[in-house]
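Next come the chains, spelled out residue by residue.
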Amino acid sequence: MKRLIFIVMAVIFAVTLVGCKPVSQAPEQTEAPAAEETHLDKIKEAGKIVVGTSADYAPFEYVDETGTMMGFDVELMTEIAKRMGVTLEWSDMPFDSLIAAVQGGKIDASIASFNYDEERDKSVDFTEAYYTSEDAYVVLDSFKDEIAKPEDIAKYKIGAQSGTTQDGWITDNLVGAGLLDEANYSRYERVDQAALDLQAGRIEVLMAEYLPAQAIVSKYGGMKIIYHGILSTGPLNIVVPEGDVALAGEMNRIIKELKDEGFIDTLAVKYFSE
Ligand code: ARG
């Protein structure tokens, strides 16, 4: 009996010793290195994904009268988070801060009607496309000129949201091409500020995406769209950190599922057909 107790004690002692092995101790040479924890693993462990957006862009992302986040992107992201098995926390910020916030790890990802863009691709990555969009020009009803080609707006005072592909298009094709004087171009942190300036006559043309442009026209009244087509836009993608293959892969898998199930088409009908 004494012998048995001794053996049991010895085993307990040995197990305790192993258990006390410092965690920071480097693995022995012969051990295979433990697979590194991915950003996706961390999100799943935390049970939460923090997603940034710029909620000034109905019907993609906006805040309704009750203060609730709404829109096509918002519902899409909610479903993606649900299928990832995590809760979703929104972080609303100016559009031109989103890429840096993803890059700096302040947010896990961003959905904000983002188009793929080579410049952005240097610092972040993009998922597969989930929808496509067009650009548009919004003017006041009193605007009488006919626009034969997109560059023809260069003779007017123009506004666009800072850091967007529209901003990039105007900067490169109008300002950079010497057609538009920098003094006649205003960049806005939020699209609503540009819409208010259009209403007040401080700018004459607002360039934004077609569906948000339509939403502005119906919200403010006295405005119309004089042009729409693809200048700076196209496929829409979610932004993830640079090289984050695991998170992009997980989102791509779910985006495909949602396309196959018709979930995205149903959302488009809900938000894009008035
Ligand atoms: N699609 C444009 C871009 O990628 C504009 C997006 C603006 N989004 C917003 N939520 N305000 O730059």
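What counts and how
Residues numbered from 1 in each chain as written. Predicted model: local features only at pLDDT ≥ 70, side-chain atom pairs only at ≥ 80, totals over all residues. Heavy atoms only, no water. Phe/Tyr/Trp six-rings, centres within 6.5 Å; stacked < 30°, edge-to-face > 60°. Helix = DSSP H or I, 4+ residues; strand = E, 2+ residues; numbered from the N terminus. Buried < 20%, exposed > 50% of the residue type's maximum accessible area, 1.4 Å probe, protein only. Pairing = 2+ DSSP bridges. Contact = heavy atoms within 4.5 Å. Axes fitted to C-alpha atoms, helices over the stretch in contact; angles between N-to-C directions. Near = heavy atom within 4 Å. Polar contact = N/O pair within 3.5 Å; in protein donor to acceptor, adjacent residues only side chain to side chain. Arc of directions from axis to C-beta. Expected span 1.5 Å × (residues − 1). pLDDT = per-residue confidence, 0-100.

What follows concerns the packing of aromatic side chains. If you walk through the whole model with that rule in mind, you get eleven aromatic pairs. Three or more aromatic residues joined by ring pairs form one cluster here, namely Tyr57, Phe60, Phe72, Tyr130, Tyr131 and Phe272.

Moving on to the side chain of Thr127. By the secondary structure assignment, Thr127 is in strand 7 (residues 124-132). Looking at Thr127, the relative accessible area reads 5%, which means it is buried.

To continue, consider the sheet that holds strand 4 (residues 69-70). Pairing in this open sheet of three strands is antiparallel, and the strands run 2-3-4 from one edge to the other. The sheet is open, and its two borders are formed by strand 2 (56-57) and strand 4, each paired with just one other strand. In this structure, strand 3 (residues 61-63) lies alongside strand 4, joined through two bridges in antiparallel fashion. Looking at strand 4, one finds that Tyr62 is bridged to Met70.

Looking at the secondary structure, you find Ala195 in helix 7 (residues 191-199). Each C-alpha atom of the pair Ala195 and Ala213 lies 9.3 Å from the other, and the pair is 18 residues apart in sequence. Excluding its chain neighbours within four sequence positions, the residues that come into contact with Ala195 are Leu206, Ile216, Tyr220 and Met223.

Bringing the sheet that holds strand 10 (residues 185-188) into the picture now. Here five strands make up an open sheet; going across it, the order is 10-9-11-8-12 and the pairing mixed. Lying at the two open borders of the sheet, with one neighbouring strand each, are strand 10 and strand 12 (223-229). Mean inter-strand twist for the sheet, computed between neighbouring axes without regard to direction, equals 25°. Sheet topology places strand 9 (residues 158-161) next to strand 10; four bridges connect them, and they run parallel. Residue Ile158 lies in a different strand from strand 10, and its bridge partner there is Tyr185.

Before going further, it helps to examine the site of the ligand. Around the ligand sit 15 residues, and of these Ser113, Asn115, Arg120, Gln161 and Glu209 come closest. Separating a nitrogen atom of the ligand from a backbone N or O atom of Ser54 is a distance of 3.0 Å. Contact between the ligand and Arg120: an oxygen atom at 2.7 Å from a side-chain N or O atom of the residue. Counting only elements with at least two residues in the shell around the ligand, the list comes to strand 2 and helix 6 (165-175).

Here we come to helix 7. Inspection of helix 7 places Val191, Ala194, Ala195, Asp197 and Leu198 among the buried residues, and these make up the whole buried set. Summarising the axial view, the buried residues of helix 7 lie within an arc of 160°, below the 170-degree limit, and thus occupy one face. Phi for Gly201, located one or two positions after helix 7, is positive at around 80°.

What follows covers helix 3 (residues 72-84). For helix 3, which comprises 13 residues, the first-to-last C-alpha distance of 18 Å matches the rise-based estimate of 18 Å (1.5 Å per residue) to within 8%. For helix 3, the complete set of buried residues consists of Phe72, Asp73, Val74, Leu76, Met77, Glu79, Ile80, Ala81 and Met84. Downstream of helix 3 by a residue or two, Gly85 has a phi angle that is positive, lying close to 80°.

As a further point, take the pairing of strand 11 (residues 205-209). With respect to burial, strand 11 is a largely interior element, five of its five residues being buried. As judged from the four bridges shared by strand 8 (residues 135-140) and strand 11, these two strands associate in the antiparallel manner. Bridging across to strand 11, Ala136 finds its partner in Ala208. Of the strand pairs in this sheet, strand 9 and strand 11 are connected by two bridges, and their pairing is parallel. Bridge pairing links Ile158 to Val205 in strand 11.

What follows concerns the confidence of the model for the protein. On average, residues of the protein score 91 in pLDDT, and 88% of them are at 70 or above. Contacts of residues 4-27 to residues separated by more than four positions or lying in other chains number zero contacts, the stretch itself having pLDDT below 50.

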